[in-house]
Amino acid sequence: MGSSGKPLSVGDNSGDGFRQDLFIQNHFLRNYPSVPPIFLQKLSFVVNPEFEFIFLDKNLSGSSTVPFQTLTFVNDPAGIKIEQSCNGLLICSSFRINSNGRTYYVYNPSTRRSKSISGSSQVVGDEFHSICNVSLAFNPLKSPHYEVVRIWGSDSNKYQTEIYTSKTGSWRVPGVVFSAPIDDAFGRSGVYWNGCLHWISLRESSLYYDINQEMFKTLPMPPIPNERDRRRIEIIEYFGEYKGRMHLIEMYGPFSTSFDILHMETDYSGWNVRYRVNLEGLATSYPGMVRDIVDVSEYFYLLDFSILLVAENEEEKDEPSSLVIVVPDNKVISYNLKEMNFKNIHTLSPGIHARYRWFDAYRYVETRSQV
């Protein structure tokens, strides 16, 4: 029924659009696995690299076919690089070329449809001469349309945003110039959560971009641990979104087997500890993780591992909340965050480098959304 109460005819565009949007939403929900598979890119210097899939849902593992092995949707002589995955869509770019000259593509691997979104609004301004970040924002449960946020930088730490929306098929510049000393965070695409894009920094402040309001806001930083007088992070071990929560793992040093998993409140009131993790048992079972023993009496290790995913499944009994961890010898481990036990779930192919990080692991989910 239409809003007027009259039946919608087959030729009614608004009705067809509504039914299509509803189909896309239902398909997304129906085909969303309890833990989506992740894929890693092999040999990034190759023009057309291959990808390795890791199926994390035990109901899919061993029975599902690999959605794709290479990205062949376009013949780009510079090669293709994935910048980000977001709820079933990928944003990719030309690989071997200066950032300002790259072609950007939005690709749906489920439908094998792609769209080039190169070009510009032409009103960014001469001061902003370099593209320092490109991020995708897409939630098929909210809208069938997506936005691409491109951040231009200047020599004076000033930035300007440019937004492409699939609804209009064009770029626009909101007109707000902002200053931010967080150029280290813009090296990676933003984390899309809560209708906003987020960037985390090793410094004293971080930012997020509210797409609806078209403005940047300050992202609260985690509290400083009690034993430290100031913020001196060794590494951001993980920063990502999963099923409505945004998680962060900071390492203040490489020597401890223990760390906290934090999550941000939806009202941005601050970070809270979600889990406390101790990987001492994992290091015992996989001795290749231990690169050096710093203090035997205190069990301080220099560990070699990386976290690909924080998969929090509070409602899933069959797939409990877990960490997906890569350890030496190309082993991928699932660490149960409640039971604090672990199991080997995948062995990476020979020749694939094992030093992946969270921003190298792309999630795959089915979506019928158009690009």
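Placed above this text is the structure.
What you see as residue numbers is a count from 1 along each chain, following the sequence as written. The predicted origin of the model limits local features to residues at a pLDDT of at least 70 and limits the giving and counting of side-chain atom pairs to 80 or more, whereas totals for whole chains, interfaces and linings rest on all residues. To obtain the side-chain values, all non-hydrogen atoms of the structure were included, while hydrogens and water were left out.

**Focus: the sheet that holds strand E6 (residues 113-116)**
Spatial ordering of the open sheet is given by E3-E4-E5-E6, a layout of 4 strands whose pairing is antiparallel. Looking along the sheet, the strands with just one partner apiece sit at the ends: strand E3 (80-86) and E6. For this sheet the average axis-to-axis angle between neighbouring strands, irrespective of direction, equals 25°. If DSSP finds at least two bridges between two strands, the strands pair. What counts as a helix is a DSSP run of H or I of at least four residues, what counts as a strand is a run of E of at least two, and both are numbered from the N terminus. Examined bridge by bridge, E3 and strand E4 (residues 89-94) share 6 bridges and lie antiparallel to one another. Within E4, the residue paired with Ile80 across the bridge is Ser94. For helices, the axis comes from a line fit to the C-alpha atoms of the stretch in contact; other axes are also lines fit to C-alpha atoms, and the angle between any two N-to-C directions lies between 0 and 180 degrees.

**Here's the deal with unusual backbone geometry**
One non-glycine residue, Asn194, lies in positive phi territory at about 60°. Only protein chains enter the accessibility calculation, which uses a 1.4 Å probe. A residue is then buried if its area is under 20% of the maximum for its type, exposed if over 50%, and partly exposed in between. When its relative accessible area of 38% is taken as the criterion, Asn194 is described as partly exposed. Phi angles above zero are rare outside glycine, and Glu214 is one such case at about 55°. Along the chain, the position of Glu214 falls in the loop between strand E14 (206-210) and strand E15 (215-219). For Glu214, a relative accessible area of 23% puts it in the partly exposed group.

**Notes on the pattern of salt bridges**
When a carboxyl oxygen of Asp or Glu is within 4 Å of a side-chain nitrogen of Lys or Arg, the pair counts as a salt bridge. Applying the stated criterion to the full structure yields 10 salt bridges. Of the charged contacts in the structure, one is a salt bridge between Asp210 and Lys217, with a shortest N-O distance of 3.3 Å. Of the charged contacts, one joins Glu312 and Arg245 as a salt bridge, the two residues approaching to 3.5 Å between their closest N and O atoms. Residue Glu312 is found in the loop between strand E22 (306-311) and strand E23 (322-327), and its partner Arg245 is found in strand E17 (residues 245-251); the two are separated by 67 residues along the sequence. Residue class for Arg245 comes out partly exposed when judged on its relative accessible area of 26%. Each of Lys42, Glu50 and Glu52 takes part in salt bridges that share partners, so that together they form one network.

**Some words on the environment of Ser130**
Residue position: Ser130 is located in strand E7 (residues 130-138). Judged by its relative accessible area of 25%, Ser130 falls in the partly exposed class. The spatial distance from the C-alpha of Ser130 to the C-alpha of Gly101 is 9.9 Å, given a sequence separation of 29 residues.

**Overview of the nonpolar core**
Inside soluble globular proteins, nonpolar side chains tend to come together where they are buried. Definition used in this section: a nonpolar core is a set of buried Ala, Val, Leu, Ile, Met, Phe, Trp, Tyr and Cys residues joined via side-chain atoms within 4.5 Å. Ranked by internal contacts, the top residues of the largest apolar core, which has 52 residues, are Phe259, Phe305, Leu323 and Ile325. Those residues within four positions of Phe305 in sequence are excluded, and the remaining contacts are Glu237, Met251, Phe259, Leu279, Met289, Ile325, Val326, Val327 and Arg355. Residues Ala137, Phe138, Tyr209 and Phe216 belong to the second largest nonpolar core, which totals 33 residues. Any two residues having at least one pair of non-hydrogen atoms within 4.5 Å are treated as being in contact.

**Things to note about the packing of aromatic side chains**
Centre-to-centre distance and the angle between the planes together describe a pair of aromatic rings. Two aromatic rings from Phe, Tyr or Trp, using only the six-membered ring of Trp, form a pair when their centres are within 6.5 Å; if the ring planes differ by under 30 degrees the pair is stacked, by over 60 it is edge-to-face, and anything between is tilted. All chains considered together, the criterion is met by 26 aromatic pairs. Ring centres 5.4 Å apart and planes at 25° place the aromatic pair Tyr159 and Phe178 in the stacked group. On the criterion of sequence distance, the pair formed by Tyr159 in strand E9 (residues 158-165) and Phe178 in strand E11 (residues 177-179) is long-range, its members being 19 residues apart. In this structure, Tyr159 and Phe178 share a single accessibility class: buried.

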